[in-house]
Amino acid sequence: MSTKMATKAEPAPAPATPEPPRPAGRSRRAWDEAPRWQIYLPLGIYLVFTLIPFYWILLFSLRPAGSTSLVPWPMTFDHFEKVWTERSFGVYFQNSVLVGVATLVMTTLVALAGGYALARFNFRAKQVFMLALLCSQFVPGALLLVPLFEIFAELQMINSLGSVIIAETVFQLPLSMILISNFIKNVPYSLEEAAWVDGCNRFKAFRIVVLPLLRPGLIAVGSFAFVHSWNHFLFALMFLNNQQKQTIPVGLNTLMGADSVDLGALAAGGIIAAVPVVIVFAFIQKWLITGFSAGAVKG
């Protein structure tokens, strides 16, 4: 006599309770939400404190001498004409451009070579050398004036733009080498090895594989070298005696006399000195903001 085994049917799962719909505008966490005034108020205060000095300089440079108006009207460009022709700011501008571009090129090339050596090669006292580079950033530029002056005097480079270019390059190199080496470390070494297998030598592999990925770092290092050499006052003051060799920071200092200051001319000179820096950062801001992660490669 056969017996039939009855199988119990599994109970059906209970229907899921639908979640209540989220209210509009509540997709983020509560602590991430902030009233707009808490964001715009500090930004507005910071913007006011930042723009007021620029407006004040622009006001003094555009309004006529002796005017006390808070609006630059009637507008005049006499102050710009005065500093550009009578105070030789055209010559100062040309010298500053030459120093800035030369410092940019030399700093970038030397930092690129030194940064690659620090990132790819192991040698004795490498950690000591890195520590020395970091410690050199704590040395004020004023302490370098006497030894650099003695060196340039022996080389007969006093009153030459080359002395300022070399001094600015030496001053910028330690930090630039460290930054470039960190960028190169973000590029996988296997990419260079693959290029070697394909027949490239080390230099060609670096130029084809590594160098394109270093563009953000090179732009950052070069721009900071240019801006620092453009604004630096001390080296140009100590190493350049001829007025025709002076740079813009020293030229601005000549506008301030012992008994009086021509505020209109000084403001116009400040505008001339600030325009190149503003233009440089306007063109490279996308690299400075988003480009630092461009050298990273996801594996």
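Everything quoted here is computed from the prediction, not taken from an experiment.

1. Overview of the overall build of the protein chain
Here comes step 1: Broken down by element type, the protein chain carries twelve helices and zero strands.
Here comes step 2: The buried share among the 299 residues of the protein chain stands at 34%.

2. Some remarks on the environment of Val101
Here comes step 1: With respect to the secondary-structure elements, Val101 resides in helix H3 (residues 89–120).
Here comes step 2: Classification of Val101 as partly exposed rests on a relative accessible area of 41%.
Here comes step 3: The spatial distance from the C-alpha of Val101 to the C-alpha of Ser223 is 9.7 Å, given a sequence separation of 122 residues.

3. Describing the environment of Ala119
Here comes step 1: In this structure, Ala119 sits in helix H3.
Here comes step 2: Note: C-alpha distance between Ala119 and Ile180 (61 residues apart in sequence) is 8.7 Å.
Here comes step 3: Apart from the residues lying within four places of it in its own chain, the contact partners of Ala119 are Ser181, Ile184 and Lys185.

4. A look at the packing of aromatic side chains
Here comes step 1: Applying the stated criterion across every chain yields a total of 14 aromatic pairs.
Here comes step 2: Here the aromatic rings of Trp84 and Phe93 are separated by 5.8 Å at their centres, their planes lie at 55°, and the arrangement is tilted.
Here comes step 3: On the accessibility criterion, Trp84 (40% relative accessible area) is partly exposed.
Here comes step 4: Summarising the aromatic geometry, the rings of Phe152 and Phe239 are spaced 5.2 Å apart at their centres and angled 80° between planes, so their arrangement reads as edge-to-face. Taken together, the residues span a long stretch of sequence, with Phe152 in helix H5 (residues 145–154) and Phe239 in helix H10 (residues 234–239) at a distance of 87 residues.
Here comes step 5: When its relative accessible area of 3% is taken as the criterion, Phe152 is described as buried.
Here comes step 6: A relative accessible area of 0% means that Phe239 is categorised as buried.
Here comes step 7: Every member of this aromatic cluster is reached through a ring pair, and the members are Phe149, Phe152, Phe171, Phe235 and Phe239.

5. A closer look at the side chain of Asn95
Here comes step 1: In this structure, Asn95 sits in helix H3.
Here comes step 2: Using a relative accessible area of 8% as the deciding quantity, one classes Asn95 as buried.
Here comes step 3: With residues up to four places along the chain from it excluded, the contact list for Asn95 reads Leu161, Gln244, Lys245, Gln246 and Thr247.

6. Describing the packing of helix H4 (residues 126–136) against helix H6 (residues 161–185)
Here comes step 1: The contact between H4 and H6 brings their axes to 8 Å, and the two run at 130°. Judged by the angle between their axes, H4 and H6 are oblique. Crossing handedness for the pair H4 and H6: left-handed. Between H4 and H6, the contacting residues are Phe129, Leu133, Leu134 and Ser136 on the first element and Pro174, Met177 and Ile178 on the second.
Here comes step 2: Partitioned by chemical class, the residues of the contact of H4 with H6 number six nonpolar, one polar and no charged.

7. A short note on H6
Here comes step 1: With 25 residues, H6 should reach 36 Å at 1.5 Å per residue; the first-to-last C-alpha distance of 35 Å fits that figure.
Here comes step 2: At Leu173, H6 shows its largest bend, some 45°, and a proline, Pro174, comes one to four positions later.

8. As for helix H9 (residues 215–231)
Here comes step 1: Taking 1.5 Å per residue, 17 residues should reach 24 Å; H9 reaches 24 Å between its end C-alpha atoms and fits that length.
Here comes step 2: Counting buried residues along H9, twelve of its 17 residues qualify, which places the element largely inside the surrounding structure.
Here comes step 3: Residues of H9 that are buried: Pro216, Gly217, Leu218, Ala220, Val221, Gly222, Ser223, Ala225, Phe226, Val227, Ser229 and Trp230.

Cut-offs used in this document
- Residues numbered from 1 in each chain as written.
- Predicted model: local features only at pLDDT ≥ 70, side-chain atom pairs only at ≥ 80, totals over all residues.
- Heavy atoms only, no water.
- Helix = DSSP H or I, 4+ residues; strand = E, 2+ residues; numbered from the N terminus.
- Buried < 20%, exposed > 50% of the residue type's maximum accessible area, 1.4 Å probe, protein only.
- Contact = heavy atoms within 4.5 Å.
- Phe/Tyr/Trp six-rings, centres within 6.5 Å; stacked < 30°, edge-to-face > 60°.
- Axes fitted to C-alpha atoms, helices over the stretch in contact; angles between N-to-C directions.
- Parallel < 35°, antiparallel > 145°, perpendicular 65-115°, else oblique.
- Left-handed = near helix turned anticlockwise from the far one by under 90°.
- Nonpolar A, V, L, I, M, F, W, Y, C, P; charged D, E, K, R; others polar.
- Expected span 1.5 Å × (residues − 1).
- Bend = angle between axes of the 7 residues up to and from the residue.

On their own, these measurements won't tell you what the molecule is for.
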